[in-house]
Amino acid sequence: MKYKSQKIAYYFFALSMLLLSLQIIYGFIMAFAHMGYDGLHQWIPFNAATATHKNLLVVWIISGFMGAAYFIIPDESDHELWSVPLALIQFYSLAIVGVVAIIGFHVGWFEGRKFLEIPRPLDYLVALNVIVFLINILVTLYKGKKHSTTAWVLTSGLIFAALLYLPGMVWFDNHTVDSFFRWWVVHLWVEGVWELIMGGILSYLLIKLTGVDREVIEKWLYVIVGLTFLSGILGTGHHYYYIGTPKYWLLVGGIFSAMEPLAFLGMTLFAIQMYRKGNKKHPNKLALHWTLSTAIVSFLGAGLLGLAHTLPGVNLYTHGTLVTAMHGHLAFWGAYASLVLAIISYSMPLMTGRKILDNAMGHFAFWLSNIGMIGMVAAFAAAGVAQVYMERIMGVDFMKAQLELAPHFFVLILAATVFATGITLYIINFLKFGVPVDEAIGQGEEFAALQTN
Amino acid sequence: MLSKKQAKLFFLGGTAIFFLIFVGMTVDTLVNHVPRQTHAENITQQVRMGRHLWDANNCMGCHTIMGEGAYYAPELTKVYERRGADYIKAVFNFPGGWRPHGRHMVEYNFTEEEKDALVAFFKWVDEADLNGFPPKPSLSLDR
Ligand code: HEM
Ligand code: HEM
Ligand SMILES: [Fe+2]
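Here is what the cut-offs are and how they apply
Residues numbered from 1 in each chain as written. Chains lettered and ligands numbered in written order. Predicted model: local features only at pLDDT ≥ 70, side-chain atom pairs only at ≥ 80, totals over all residues. Heavy atoms only, no water. Contact = heavy atoms within 4.5 Å. Buried area = accessible area lost by both parts, 1.4 Å probe. Salt bridge = Lys/Arg side-chain N within 4 Å of Asp/Glu carboxyl O. Polar contact = N/O pair within 3.5 Å; in protein donor to acceptor, adjacent residues only side chain to side chain. Nonpolar A, V, L, I, M, F, W, Y, C, P; charged D, E, K, R; others polar. Core = buried A, V, L, I, M, F, W, Y, C linked by side-chain atoms within 4.5 Å. Buried < 20%, exposed > 50% of the residue type's maximum accessible area, 1.4 Å probe, protein only. Helix = DSSP H or I, 4+ residues; strand = E, 2+ residues; numbered from the N terminus. Domains from an automatic or database assignment. Near = heavy atom within 4 Å.

For chain B, the name recorded in an unreviewed UniProt entry is Cytochrome c, with Caldithrix abyssi as its organism.

In the annotation of an unreviewed UniProt entry, the entry for chain A reads Nitric-oxide reductase large subunit, and the organism field reads Caldithrix abyssi.

In structure tokens form, the structure reads like this:
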């Protein structure tokens, strides 16, 4: 750690860990409900559980991105963060808005638009919060001595993510138009600007962990985010096949979204290539594991499993079934959840000065969570394909088909238990690091010497 | 080999071009197609109220509509055609919550006006041209 103010990242990472554990609890509630055990229905009906599960996911990932930015931007621009008190205010207000939203879901205060369930008044607070965050980052960048590509790609990802939140805040009388703009948020986030954030954080981690020349890494970063937008913007069309929008989206969405996996493949090849070229001397093997798994699993979840249902002829049958849930889990896990876990694994030893870099618990956490998640995705896949055949091809009534799917949810729960064990170990490991200390300044700087091949 | 500068140009140029195309297509979609395909002229005050109720109660947190939502409860795009107004109106205020095949629906307390509004919303959704979604079962056994 180079600067005192980087420690602020810890708050955001700790919040991420807390929300992730809650998210998993709600996942179990829903999995049991799918099996027919919905004893909590009176207090937590499925629609409250689902809103909570999805929004906790989005908030813990965004909290992780913010922590990452607070850690990376001072380092990359060679300057203390502009204002630590402002960052603290921003942190507490984020946490409070999050808590109010979650409580609101349980008393039926929501907006009912998938992933954007947070009610309108809270949306304004979220927007304000993000503006404060961005001002802090931008002023730091402006005052800094260096302006690296990595820092700019990360920051522009964050700015555009904030801008794209706005179309989701407008009320439209026509449900189709409402959906149309909901995708400007959801799709253009995960298959657009969040990939800038992902590319920025991955580059930073690769520069630090492999010691490969910055110029080489950043050149490929441009190529990858170039591919992202080339395919991802018009790829939004894969959500415009069957919602009351014109037929030309079947062609445009089909072609361009089928090219989206290229950007994710780019990330995979990029990370593996840099790892192979690198000097492999960095002692933080866990951070390296998570960095590489992000690059690989994002391709499997977003790229391959996305491709599996993105062509209009397939999507006609899989649209809005458990096949979508299969893809949603591995894509979010591989691309964004793992990314946040990677930057946490990298930064914790540097912030706290504790060198428990390569411990057994950390490795168990890594393998159990990944294996568990792959098992969960397999269970969703089996359930989803069976659902498609029964409901969409044979015309079996929805509920009758669902009853046949219960065994798959039993498997889901088994795999989810493995997954949750992994995450528990990760969080225990996180807690074992303790809190960041000023004495940790200068920690890890000895590795800076490794950074020229 | 590609230089960093060329790579940057590829990124900025590509993004700008495709974003402009996307905005153009958006305008065409919303101005020339969606109003016709979704019969925007039929969005009455009642339909609007129905959609408001749909949103405020997060019905999408269990059901899908136009294939979007959660996968706990049935797809409702064609529910108006499948079940009819009376059936739909009966499920909302069911004492203890509607419980088909052991899955729980929330017990609501809707007025007659609100129930009619939801039915009107479903009717509007039912009539929209969704390019063939939901698909007709090719091996139909049930019906
Ligand atoms: C990291 C990147 C990605 C994430 C986090 C992600 C996540 C998701 C989620 C959560 C949904 C469900 C959305 C909803 O119904 O509200 C979804 C839908 C979808 N995704 Fe992705 N996705 C990613 C990348 C991709 C890619 C690259 C493709 C195509 C190659 C793709 C294809 C699709 C399709 C076709 C749907 C619609 C499914 C349906 O019709 O029900 N996704 N994605
Ligand atoms: C113990 C772990 C988990 C379990 C048991 C679980 C279970 C579930 C269930 C049952 C659903 C609802 C499907 C429906 O609408 O009926 C769901 C939705 C979802 N979960 Fe999880 N989940 C878990 C962890 C996670 C994690 C770690 C992530 C992200 C990395 C995640 C991301 C999502 C997303 C994006 C959706 C919405 C999917 C869609 O509607 O297409 N879940 N989850
Ligand atoms: Fe998408």
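Peer 1: Is there a simple way to think about the interface of chain A and chain B in this case?
Peer 2: Much of the literature gives interface size as the accessible area that the parts lose upon coming together. In this assembly, 81 residues from chain A lie in contact with 74 residues from chain B. Here chain A and chain B share an interface that buries about 6,800 Å² over both sides, 64% of which is from carbon and sulfur atoms. Among the residues of chain A in contact with chain B, His 175, Tyr 222 and Met 399 of chain A are the three that bury the most area, contributing 10% of the side total. On inspection of chain A and its partner chain B, the count reaches 7 salt bridges. One salt bridge connects Glu 218 of chain A with Lys 4 of chain B, and the closest N-O pair in it is separated by 2.8 Å. At the boundary of chain A with chain B, the tally comes to 29 residue pairs in polar contact (both at pLDDT 80 or more). Partitioned by chemical class, the residues of the side of chain A that touches chain B number 43 nonpolar, 22 polar and 16 charged.

Peer 1: Explanation requested: the nonpolar core in the structure shown.
Peer 2: What tends to happen in soluble globular proteins is that the nonpolar side chains get buried as a cluster. Ranked by size, the top nonpolar core spans 202 residues in total, and within it Phe 65, Trp 194, Ile 201 and Trp 333 of chain A carry the most contacts. Among the elements that take part in this core, helix H6 (residues 175–210) of chain A stands out by supplying 22 residues, more than any other. Of the domains in this structure, domain 1 (1–38) and domain 2 (42–127) of chain B are the two that each give at least three residues to this core. For Ile 201 of chain A, the contacting residues outside a window of four places in its chain are Phe 65, Ala 68, Ile 72, Leu 154, Leu 339 and Ile 343 of chain A.

Peer 1: Is there a simple way to explain the pattern of salt bridges in this structure?
Peer 2: Note that side chains of opposite charge can pair when their charged atoms are close. Residues and elements named next belong to chain A. Applying the stated criterion to the full structure yields 23 salt bridges over all chains. We note a salt bridge from Lys 7 to Asp 438, for which the minimum N-O separation is 2.4 Å. Of this pair, Lys 7 sits in the segment before helix H1 (9–35) while Asp 438 is found in the segment after helix H13 (398–432), placing the two residues 431 residues apart along the sequence. Here Asp 438 falls in the partly exposed class, since its relative accessible area comes to 32%.

Peer 1: Can you walk me through the site of ligand 2 in this structure?
Peer 2: The immediate surroundings of ligand 2 are formed by 26 residues, with His 34, His 53, Lys 114 and His 329 of chain A together with Tyr 71 of chain B found nearest. Around ligand 2, the neighbouring residues derive from chains A and B rather than from a single chain. Lys 114 of chain A places a side-chain nitrogen or oxygen 2.8 Å from an oxygen atom of ligand 2. His 329 of chain A places a polar side-chain atom, nitrogen or oxygen, 2.8 Å from a nitrogen atom of ligand 2. Of all the secondary-structure elements, those providing two or more residues to the shell around ligand 2 are H1, helix H2 (46–77), helix H11 (322–352), helix H12 (360–393) and H13 of chain A.

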